[in-house]
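The chain contents come next:
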Amino acid sequence: MSDLKALSEAVVNGDTKTAVTETQRALDAGGSAQDILNEGLIATMNEVGERYSKGLIFVPQMLRSGKAMQECTNLLKPFFQEGEVTSKGKVLIGTVRGDLHDIGKNLVSMMLEGAGFAITDLGVNVSPEKFVEKTREVEPDIVGMSALLSTTMPAMPQTIEALEKAGLRNRVKVMIGGAPVTERYAQKIMADSYASDAGSAVSKAKELLGIS
Ligand code: B1M
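The following refers to the structure shown. (Residues numbered from 1 in each chain as written. Predicted model: local features only at pLDDT ≥ 70, side-chain atom pairs only at ≥ 80, totals over all residues. Heavy atoms only, no water.)

**Comments concerning the pattern of salt bridges**
1) Next: Counted by the stated rule, this structure contains 10 salt bridges.
2) Next: Here E161 makes a salt bridge to K165, at a shortest N to O gap of 3.3 Å. Taken together, the positions of E161 and K165, both in helix α7 (residues 155–165) and four residues apart, correspond to about one turn of that helix.
3) Next: Using a relative accessible area of 41% as the deciding quantity, one classes E161 as partly exposed.
4) Next: Classification of K165 as exposed rests on a relative accessible area of 71%. (Salt bridge = Lys/Arg side-chain N within 4 Å of Asp/Glu carboxyl O. Helix = DSSP H or I, 4+ residues; strand = E, 2+ residues; numbered from the N terminus. Buried < 20%, exposed > 50% of the residue type's maximum accessible area, 1.4 Å probe, protein only.)

Set out below in structure tokens:
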């Protein structure tokens, strides 16, 4: 899809206005929202990460790219809304303590919501105590945790432990994800499920609750 090149460039440059225009242009040209998301946006954020790793860009540029991506994702949201909310189950989701990355977590929320789950999104930098408090209040079927930093991954087992101590662990399924997280890590910390991307988060969530 050559049209997505301009979108990708705009996201890399943190040019939100052009990125949004290009997203709309791609949709108007009949592009699928899924392709625009995967090829135009997610792939571009990986490129942004590589540029940051190589020292070609710095945190402010990364932040601008993130903002551009979020705005474009908002435009795509209606295309992923198919199911009837609340019919599938309740998901409490957040990015773990110390971690401010929310683009992936927001995509997972968007896809789950589109598939019919009711979402309570706790945002970023969510402490184990907050997860516990909200689990009591919301009574979710699934607690979802996202982490993008290797340094914040330990907050996942800490949250699971906090749920255990509060006597809530056996009332919920725990799903985890985020770029540094692996299936193996999920098994190690005794999470119930791991999803590598937003699409598989939906199938894993359904699997966890035994629905098709
Ligand atoms: Co940061 N950052 N960042 N960053 N950032 C990474 C993660 C990094 C890999 C960049 C790099 O070095 N190449 C690196 C982490 C290294 C590591 O720990 N291994 C890094 C760093 C170092 C940092 C700072 C420490 C930089 C600094 O300050 N010196 C700092 C930390 C701040 C903090 O959190 N305390 C920081 C800050 C930021 C910004 C704020 C500027 C910005 C975030 C903006 C925002 O989120 N609102 C930012 C960004 C944009 C990135 C990169 C470039 C892009 C992340 C992203 O949005 N990807 C990232 C590089 C990269 O990932 N390649 C990087 C797109 C998104 C769709 O993918 O989040 O992986 P992802 O989500 C996927 C899956 O992982 C999965 O589904 C999603 C959709 O398919 N998934 C789940 C995610 N959560 C899930 C939960 C589930 C299931 C699946 O179940 C519940």
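Past the structure itself, the notes keep going.
**Examining the pairing of strand β4 (residues 173–177)**
1) Next: With four of its five residues buried, β4 lies for the most part within the structure.
2) Next: Two elements, strand β3 (residues 142–146) and β4, share five bridges in a ladder whose sense is parallel. By the bridge assignment for β4, I142 is matched with K173.
3) Next: Note that β4 and strand β5 (residues 193–194) share two bridges and pair parallel. When the sheet's bridge partners are listed, M175 is paired in β5 with S193. (Pairing = 2+ DSSP bridges.)

**Quick notes on helix α2 (residues 16–28)**
Residues that lie three or four places apart on an α-helix share one face, since the helix turns once every 3.6 residues.
1) Next: If you check α2, its first and last C-alpha atoms are 18 Å apart, about what 13 residues at 1.5 Å a residue would give, namely 18 Å.
2) Next: Among all positions in α2, only A19, E22, T23, A26 and L27 are buried. In a view along the axis of α2, the buried residues occupy a sector of 140°, so they form one face of it. What points out from α2, more than 90 degrees from its buried face, is the exposed set K17 and D28.
3) Next: Contact partners of the buried residues in α2: α1 (4–12), α3 (33–53) and α4 (59–76). (Expected span 1.5 Å × (residues − 1). Arc of directions from axis to C-beta. Contact = heavy atoms within 4.5 Å.)

Remember, this is a structural readout, not a statement about activity or role.
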